[in-house]
Amino acid sequence: MVALLMHAAEQGLVYGIAALGVFISYRILRFPDLTVDGSFVTGAAIASSLVVLQGLDPVVALAVAFAVGSLAGVLTGLLNTRLGITDLLAGVLSMIMLYSINLRIMGRPNISLLRAETITRSIAALFAPLGSAAVLVFLAGIVLFIKLVLDFFFKTEVGLALRATGDNEAMITAQGVNTKTMKVAGLALSNGLVALSGGLVAHYSGFADVGMGIGTIVTGLAAVILGGSLIRSRRVGWMTASVLLGSLIYRIAVMFALRYGYVIGFQASDLKLVTSLLVIVALVVPALRDRLLRRPKPC
Amino acid sequence: MKRLVRSVVVGLVVLGLGAALAGAAPIKIGICKIVEHPALDAVERGAIDALTAAGYAEGKDVEYLKASAQGDYNVAVSIAQNFQAQHVDLVLAIATPTALAAAQVFKGTSTPVVFAAITAPEEYGLVVDAKDPSRNENITGVSDRIDVSLDLKLLKDLSPSIKRIGLVYNPGEVNSDLLTRLAEQSAPSLGLTIVKVAADTSANVPIAAQSLIGRVDAFFVTTDNTVVSAIDSVVAAANEAKVPFLMADYTSVRFGPTVARGFDYYEHGQIAGSVILEVLSGKKPSQIPVVYHATVAREKVYVNLDAAARIAFVFPQAVIDQADGLYFAGAMWDRKPTAK
Amino acid sequence: MLTLERVRQVFPSGQDLVVALAGIDLVLDRGDFLTVIGSNGAGKTTLLHVIAGNLIPTSGRVLIDGEDVTATPAHRRARRIGRIVQDPLSGTAPTMTIAENLALASKRSKRSLAVALTRRRRREFAEVLRPLGMGLERRLDDPAFLLSGGERQALTVTMATLARPDILLLDEHTAALDPANARRIAELTEAFVERTGLTTLMVTHNMEQAIALGNRLVMMHKGEIVLELGGERKRSTKVPELVSLFSHRHIADDELLLETAP
């Protein structure tokens, strides 16, 4: 049981970074961004091909993954702000384009990292005394660091302007902010995080596969919405914490479903259905609660 | 006398306990596959039957934990982690993504991982050296690698007029991608050209197949899950083009290709089972080289007379003589082994 | 400070063309407070959009402090223009706190990665909110959606004061509030304009207000300025006179008349 929970926590953390990315585009910018199904793989593709084919240091490979992932976000942002293509469609177009681009980056549909110097292997070696908990501790440290950096960013002038772009675009434009630039920047940051997550997942799973991004938006949203229904505060620090909490809970739920679900005939393919049901419940329960207590609904 | 009785009683108790203990701990084997698929399901059945035949009764001597990732690569990792948490004694991983996930999760442990239905275990990084297993740690298994040039030769044997071969494949599937490349490499030496067309989802297969009509003298499909799931459209396109169609999986002959050639995947599972038995009897995976199905048994060839009739194609007698069976009047007919 | 030269704004509407502004010439000196009245469809809001940069006029020029800004995008002009509109909800970011809204408003130039809400800033904001007498200085960390309409409009006005614009545009900014709040916001705005001597342009439906506030008045009808009053002439005009001026030009409007009823 402890091992299972540890694994669930590890997955909750690596996928939690992607959830933070989805949080930025969906919650902060109010931009439903489907690019992530593609940029997640881009990160995995870069982080694995650079390590396996070029022999690069895994940390460098992950950094490049983040950078290229943000380019994917820039693409979607430009499609939307410069060419006037609606947010959903722009994201879909980018995602489709990325499929071919990802195949090019990898050179083949699947790259195995089994015998490569992945970040998880380096960590396990560096923190050997921690034993099997080394990876978990390392991931927790990384994710905490990213969260704190994000929290700080959203308290800066630029970060505040980014939040306002999603909250009241007309107002912030009238206050001198170029919202087009803001959207592109926000999407770049968001997809960079998703790509970083993809790279980490590839190193963690031991392989990168061109199909491993399917459903990233769904699991990302599940984490955001689940977490958001548990922690209702609007303060940035709590919001990012809620996203990570949501990701952890989701992965633990998945672990349990896989482990014990056979009792009710549960199969892995039912996971997507269960995810959507979880999200629906998470969306409806707060609204119901508000209605019962007659609280004013926040926008 | 008392001492004798006492030692007999102790001996009996020890024997009894021993028997009880031996019977109380069945071996746990985790079986995982990436999707549910007739070929992969056959591998699983073949392996289990091989173990049962060797005396490992299901439920008594061995307990199987079966899981399918249903096409989700991320779940494959969770499944392997699950197996680890349940302390399985051995993992049978069928198909590449599940094998990679299991190899990663159990890397550095003493739990043996036996893979099956992997086209190129060395290229995929599952093993360091297929022939010399000493550095493969806890991983070994069975490969269904086919010699694609044999398939191409078979097509050539069907008719001298076959020069251009149309190939529908999913570039996103690792074994299909590899086999397509190998086909392209070996085609020129046979005087053939490959015209390949990509379909990244089963929805795009019909259009891809239709784009080959009029451009090729024959159709060819390898063990590609995406294309196979939409095989009817490819059969339709081949019929419309009135050209022969070779499928690299002989059990698929009933879906309508002119000729089908491939391994018996139930047999493949049995071969995997024999590797598992070697491990269970004490051999380490690092002592077992990868078994290539092609070295154990050859591929089977089935010709489809119904399909040939539809496109007015006549098989050369040599091909029929070598076939392992026919598909005729809606049923498979196996050639009876001739007395030697 | 603000000059409009022969500004025309034409919109296509199906097969026809709608002339929203039919050649406006207007000059505001620094410190002028201009009230604008007119019936619906007279072009008042279009005028404000053109000045703010939300619309680029079909022809004509807009100059701010001598600089031609006719085609400058709204967000760049925003550094010199403050704007308060009728909808009390649209001037504030609902999910962000009062303090964060004020922080957003106080920076109009290039934003950096500096922390936006320092402790000193918070104290400044509390000081600015105290005179409102609404207790908002105690609710700095409340998200804006918890405020009432009147409170949000007061916050919007305060945000405008922080930004220190060159020009202030008011688009019927008290019209959607209840009488008590409307009066309070109107007083706030007056006090602010008087204190800073801001060049102001206020659109209103209320003829009394139009006469009482500011030093100049224009009346618009069908995209044109049909009447201008300034200085002493404006101060001495009474509402009935204004109404008769209206009807003289056959543009009596029940709505306008109702606004002036005692």
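The shown structure was predicted, so the numbers you read here are calculated from the model rather than taken from an experiment. Position numbers for residues count from 1 along each chain, tracking the sequence in the order it is written. All chains are assigned letters beginning at A, and all ligands numbers beginning at 1, according to the order in which they are written. Thresholds applied to this predicted model are a pLDDT of at least 70 for local features of residues and 80 or more for the giving and counting of side-chain atom pairs; totals over whole chains, interfaces and linings are not thresholded and use all residues.

Asks: Which residues make up the interface of chain B and chain A, and what are the values?
Replies: Often the size quoted for an interface is simply the accessible area lost on bringing the parts together. Any residue pair is listed as a contact if its two C-beta atoms, each placed from the backbone, are within 7 Å. If you look at the interface, chain B gives 31 residues, while chain A gives 26 residues. We count a stretch as a helix when DSSP gives it H or I for four or more residues in a row; a strand needs E for two or more, and each element gets its number in order from the N terminus. Looking at the side of chain B that touches chain A, the elements with two or more residues in it are helix 3 (73-85), helix 4 (96-105) and helix 6 (174-186) of chain B. Of the residues assigned to the side of chain B that touches chain A, the class counts are 15 nonpolar, eleven polar and five charged. Ten residue types, Ala, Val, Leu, Ile, Met, Phe, Trp, Tyr, Cys and Pro, are classed as nonpolar, four, Asp, Glu, Lys and Arg, as charged, and the remainder, Gly among them, as polar.

Asks: Tell me about the arrangement of the chains, and please be specific about residues and values.
Replies: The interface with the most contacts, out of two pairs of chains in contact, is the one formed by chains A and C. With respect to C-alpha atoms, chain B approaches chain C no nearer than 35 Å, and the pair has no contact.

Asks: Give me the lowdown on the domain arrangement of chain C, citing residues and values where you can.
Replies: Domain start and stop positions are those given by an automatic or database domain assignment. By the assigned domains, chain C splits into domain 1 (2-92 + 166-260) and domain 2 (93-146). For domain 1 of chain C and domain 2 of chain C, the distance between their C-alpha centroids amounts to 29 Å.

Asks: So what's going on with the interface of chain A and chain C? Residues and values would help.
Replies: Contacts between the two partners involve 22 residues from chain A, matched on the other side by 28 residues from chain C. Here the side of chain A that touches chain C gets seven residues from one element, more than from any other, and that element is helix 7 (residues 157-167) of chain A. Within the side of chain A that touches chain C, the residues separate by chemical class into eleven nonpolar, six polar and five charged.

Asks: I'd like a description of the sheet that holds strand 1 (residues 2-13) of chain C, backed by residues and values.
Replies: Strands in a sheet are paired, the pairing made by backbone hydrogen bonds, and the direction either parallel or antiparallel. Residues and elements named next belong to chain C. Here we have four strands laid out as an open sheet, ordered 2-1-4-5, and antiparallel in their pairing. The two strands at the open ends of the sheet, each matched to only one other strand, are strand 2 (16-28) and strand 5 (67-68). Any two strands are treated as partners once DSSP identifies two or more bridges connecting them. Two elements, strand 1 and strand 2, share ten bridges in a ladder whose sense is antiparallel. Following the sheet pairing, Val7 is matched in strand 2 by Ile24. Contacts from helix 1 (residues 44-52) reach strand 1, strand 2 and strand 4 (59-64) within the one sheet, and its direction differs from that of strand 2 by about 65°. Here an axis means a line fitted to C-alpha atoms, over the contact stretch when the element is a helix, while the angle between two N-to-C directions is reported on a 0 to 180 degree scale.

Asks: Describe the packing of helix 3 (residues 58-81) of chain A against helix 4 (residues 87-106) of chain A, and please don't skip the residues or the numbers.
Replies: All names here are of chain A. Across the interface, helix 3 lies against helix 4 with an axial gap of 9 Å and an inter-helix angle of 140°. It follows that helix 3 is oblique to helix 4 by the angle criterion. Judged by the twist between their axes, the crossing of helix 3 over helix 4 is right-handed. Of helix 4, the residues touching helix 3 (which contributes Ala72, Leu75, Thr76, Leu79 and Asn80) are Asp87, Ala90, Gly91, Leu93, Ser94 and Leu98. Taken together, the residues that form the contact of helix 3 with helix 4 break down as six nonpolar, four polar and one charged. What sets the label is the angle itself: under 35 degrees gives roughly parallel, over 145 gives roughly antiparallel, 65 to 115 gives roughly perpendicular, and the rest give oblique. Here is the rule for handedness: rotate from the far helix to the near one, and if that takes an anticlockwise turn smaller than a right angle the crossing is left-handed, while a clockwise turn gives right-handed.

Asks: Quick one: what's the story with the domain arrangement of chain B, residue by residue and with numbers?
Replies: All names here are of chain B. Each assigned domain of chain B is listed here: domain 1 (26-145 + 265-296) and domain 2 (148-262 + 299-334). Just the C-alpha atoms count here: the centres of domain 1 and domain 2 sit 30 Å apart. Counting residues at the interface gives nine residues for domain 1, matched by seven residues for domain 2. Its residues placed into classes, the side of domain 1 that touches domain 2 shows five nonpolar, three polar and one charged.

Asks: Talk me through the pairing of strand 6 (residues 81-84) of chain C; I want residue IDs and the actual numbers.
Replies: Residue and element names in this part refer to chain C. Field definition: a residue is buried when 20 or more other C-beta atoms are found within 10 Å of its C-beta, exposed when 12 or fewer are, and partly exposed for counts in between, with C-beta atoms placed from the backbone. What you see with strand 6 is no split at all: Ile81 and Arg83 on one side and Gly82 and Ile84 on the other are buried throughout. Pairing of strand 6 with strand 7 (residues 167-171) involves four bridges; the strand directions are parallel. Paired with Arg83 across the strands is Leu169, a residue of strand 7.

Asks: A description of the sheet that holds strand 9 (residues 216-221) of chain C should follow, citing residues and the corresponding values.
Replies: All names here are of chain C. Pairing in this open sheet of six strands is mixed, and the strands run 6-7-8-3-9-10 from one edge to the other. Lying at the two open borders of the sheet, with one neighbouring strand each, are strand 6 and strand 10 (224-230). Strand after strand, the sheet turns through a mean of 15° between neighbouring axes, direction not considered. The strands touched by helix 1 are strand 3 (33-38), strand 6, strand 7, strand 8 (199-203) and strand 9; relative to strand 7, the strand with the most contacts, the crossing angle is about 150°.

Asks: Explain helix 3 of chain B to me, using residue names and the numbers behind them.
Replies: Residue and element names in this part refer to chain B. Spanning 13 residues, helix 3 covers 19 Å between terminal C-alpha atoms, matching the ideal 18 Å at 1.5 Å per step. When you tally the buried positions in helix 3, you get eleven out of 13 residues, the bulk of the element. Those residues of helix 3 not exposed but buried are Tyr73, Asn74, Val75, Ala76, Val77, Ser78, Ile79, Ala80, Gln81, Asn82 and Phe83. His87 lies just past helix 3 and shows a positive phi near 55°. By this rule the span expected of a helix is its residue count minus one, scaled by 1.5 Å.

Asks: Hey, could you go over the environment of Ile119 of chain A for me, with residue numbers and the actual values?
Replies: Residue and element names in this part refer to chain A. If you trace the backbone, Ile119 turns up in helix 5 (residues 119-126). Accessibility expressed as a C-beta count within 10 Å gives 24 for Ile119, which makes it buried. Ile119 sits eleven residues away from Leu130 along the chain, and the two C-alpha atoms are 16 Å apart. If sequence neighbours within four positions are ignored, Ile119 has contacts with Pro58, Val59, Leu62, Leu200 and His203.

Asks: Explain the nonpolar core to me, and be specific about the residues and the numbers.
Replies: Any set of buried Ala, Val, Leu, Ile, Met, Phe, Trp, Tyr and Cys residues joined through C-beta atoms within 7 Å is what this text calls a nonpolar core. One finds Leu92, Ala102 and Val234 of chain B to be the most contacted residues of the largest nonpolar core, which totals 268 residues. Residue contributions to this core peak at 14 residues, all from helix 9 (residues 179-205) of chain A.

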